[in-house]
Amino acid sequence: MTPRTSPASRIDLHTHSTASDGTLSPAELVRAAADAGLDVVAITDHDSTAGWAPALDALPTGLRLVRGAELSCRWFGAEPAVPLHLLAYLFDPDAPELVAELARVRAAREERGERIVNLLRADGIDVSWPEILAGAAGGTVGRPHIALALIRAGLVTSTSEAFGPDWLGERYRLPKEDIDVFHAVRLVRAAGGVPVFAHPRATRRGRVVPDELIAELAAAGLAGLEADHEDHSPAERAHVRGLAAELGLLVTGSSDFHGTHKTVRLGAFTTDPEAYERIVAEAGGVTEVASG
Ligand code: AMP
Ligand code: FE
Ligand code: ZN
Ligand code: FE
């Protein structure tokens, strides 16, 4: 059954919990989403579906949960390859190939985290990998967890400072072992999911891919583009909307909420009900939107 939403619906399709680099547990996240007045929230942890069950168990009445993930991908058509994020909605969490890829990426993230910590330690910076790993509490490890250790050590005062060029943004930045983006789009579709390119024009995060690549991804099965996001300038948002219209892709807006790791609030950007319903309609997956 396709859930109907009223025109007044507030729909946030990109949030993180402690299953990756957010600071609210999945249960706290769905409660916060209800408190923020959202009608629909998607849980999209980096490379993990571990938050799905606890979010579902705690789902408040009246809130709909879209189960998803944000996949760490890379486009190998440029030198060096460009990292990018693919949101995947309502896919089968047991699809073997996708499960294997996510497990591989999570394991590689742990190795990379430890290597970053070794680089820091070689420069006399006293951070501890076992402590950082414990801080991630079994969730997907990322640089935000290392940023917290730098803050605890009094070396920086904020996450954004920790992502500056002297720290995790450049000097102590190492690549992840991401999934080829075309492979990721195919795996998500094969698992019945709906792939949406997250913050595709976020130049402030680093290099972005050319529009030609987005056209190729659309031909390969990409469903949509995230336009309204805090990392997009108004001009970038307009550009993404124009491109989506040209390619027949749906457009989303979302907070990319990370709890206290970022300042953005739940529902800061939202998705139109028509786009949300298109995602639900395209999801041929095993999973459905859950309603609390
Ligand atoms: P990683 O996945 O380990 O490469 O780390 C990237 C994550 O760090 C993103 O998903 C964001 O949550 C966070 N992040 C990236 N850039 C910044 C920034 N400038 N300030 C704060 N957090 C950031
Ligand atoms: Fe993140
Ligand atoms: Zn992202
Ligand atoms: Fe995100």
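Above this text is the structure in question.
Cut-offs and rules
Residues numbered from 1 in each chain as written. Chains lettered and ligands numbered in written order. Predicted model: local features only at pLDDT ≥ 70, side-chain atom pairs only at ≥ 80, totals over all residues. Heavy atoms only, no water. Helix = DSSP H or I, 4+ residues; strand = E, 2+ residues; numbered from the N terminus. Rg over C-alpha atoms; globule rule 2.2 N^0.38 Å. Buried < 20%, exposed > 50% of the residue type's maximum accessible area, 1.4 Å probe, protein only. Contact = heavy atoms within 4.5 Å. Lys, Arg positive; Asp, Glu negative; His and termini not counted. Charge placed at Lys NZ, Arg CZ, Asp CG, Glu CD. Axes fitted to C-alpha atoms, helices over the stretch in contact; angles between N-to-C directions. Parallel < 35°, antiparallel > 145°, perpendicular 65-115°, else oblique. Left-handed = near helix turned anticlockwise from the far one by under 90°. Pairing = 2+ DSSP bridges. Donors = N, O, S within 2.8 Å, 3.2 Å for Na, K, Ca; no water. Tetrahedral: all angles 85-135°; square planar, octahedral: opposite > 155°, others 65-115°. Near = heavy atom within 4 Å. Polar contact = N/O pair within 3.5 Å; in protein donor to acceptor, adjacent residues only side chain to side chain. Areas by Shrake-Rupley, 256 points an atom, 1.4 Å probe, with all protein chains shown as cover. Nonpolar A, V, L, I, M, F, W, Y, C, P; charged D, E, K, R; others polar.

Asks: What is the right way to read the overall build of the protein from this model?
Replies: Per the secondary structure count, the protein includes 10 helices and nine strands. Scaling as 2.2 N^0.38, a compact globule of 292 residues should have a C-alpha radius of gyration of about 19 Å, and the protein matches this with 18 Å. Expressed as lengths along the three principal axes of its C-alpha atoms, the size of the protein is roughly 55 × 40 × 40 Å. For the protein, the proportion of its 292 residues judged to be buried stands at 56%. Intrachain contacts of the protein at a sequence separation of at least 6 include 72% that bridge at least 24 residues. In the protein, 28 positive and 41 negative side-chain charges are present, and the distance between their average locations comes to 2 Å.

Asks: What is the right way to look at the packing of helix H3 (residues 96–122) against helix H4 (residues 129–136) in this model?
Replies: Any two packed helices are characterised by the angle at which their axes cross and by the distance between the axes. Closest axis-to-axis distance for the H3/H4 pair is 10 Å, and the angle between their directions is 140 degrees. On the basis of the axis angle, H3 is oblique to H4. Like other packed secondary-structure pairs, H3 and H4 cross with a definite hand, here right-handed. Side by side, H3 and H4 meet where Glu110, Gly113, Glu114 and Val117 of the first sit next to Trp129, Ile132 and Leu133 of the second.

Asks: Please explain the pairing of strand E6 (residues 194–197) as it appears in this structure.
Replies: When a strand is regular, its side chains alternate between the sheet's two faces. Neither face of E6 is left uncovered, since the one carrying Val194 and Val196 and the one carrying Pro195 and Phe197 both have all their residues buried. Examined bridge by bridge, strand E4 (residues 82–89) and E6 share four bridges and lie antiparallel to one another. In the strand pairing of E6, Leu87 is matched with Val196. Across two bridges, the pairing between E6 and strand E7 (residues 224–228) is parallel. Its bridge partner being in E7, Phe197 is matched across the sheet by Leu225.

Asks: Any chance you could explain the coordination of the iron ion (ligand 4) here in plain terms?
Replies: Ideal geometry at a metal centre gives angles of 109.5 degrees when four donors are arranged tetrahedrally and 90 or 180 degrees when six donors are arranged octahedrally. Within the protein, the iron ion (ligand 4) binds to His14 (NE2), His16 (NE2), Glu70 (OE) and Asp256 (OD); these donor distances fall in the range 2.0 to 2.2 Å. For the iron ion (ligand 4), the four donor atoms in the first shell make angles of 80 to 171 degrees at the metal, a pattern classed as irregular. Sequence spacing among the residues donating to the iron ion (ligand 4) works out to H-x1-H-x53-E-x185-D. In this structure the iron ion (ligand 2) is found 4.8 Å away from the iron ion (ligand 4). Here His16 is found in the loop between strand E1 (11–12) and helix H1 (26–35), whereas its partner Glu70 is found in strand E3 (residues 64–75), with 54 residues between them in sequence. A residue is classified by how much of its surface remains accessible, and His16, at 0% relative accessible area, is buried. When its relative accessible area of 1% is taken as the criterion, Glu70 is described as buried.

Asks: It is not clear to me how the site of ligand 1 should be interpreted in this structure. Could you clarify?
Replies: Asp21, His46, Arg112, Arg143 and His258 are the nearest of the 13 residues found near ligand 1. The contact in question runs from an oxygen atom of ligand 1 to an N or O atom on the side chain of Arg112, over 2.7 Å. Within the backbone of Arg143, a nitrogen or oxygen atom sits 2.8 Å from an oxygen atom of ligand 1. Out of a free accessible area of 500 Å², ligand 1 has 82% covered by protein chains. Contributing elements (two or more residues each) for the shell around ligand 1: H3, helix H5 (143–152) and helix H6 (159–162). Looking at side-chain class alone, the shell around ligand 1 contains two nonpolar, five polar and six charged residues.

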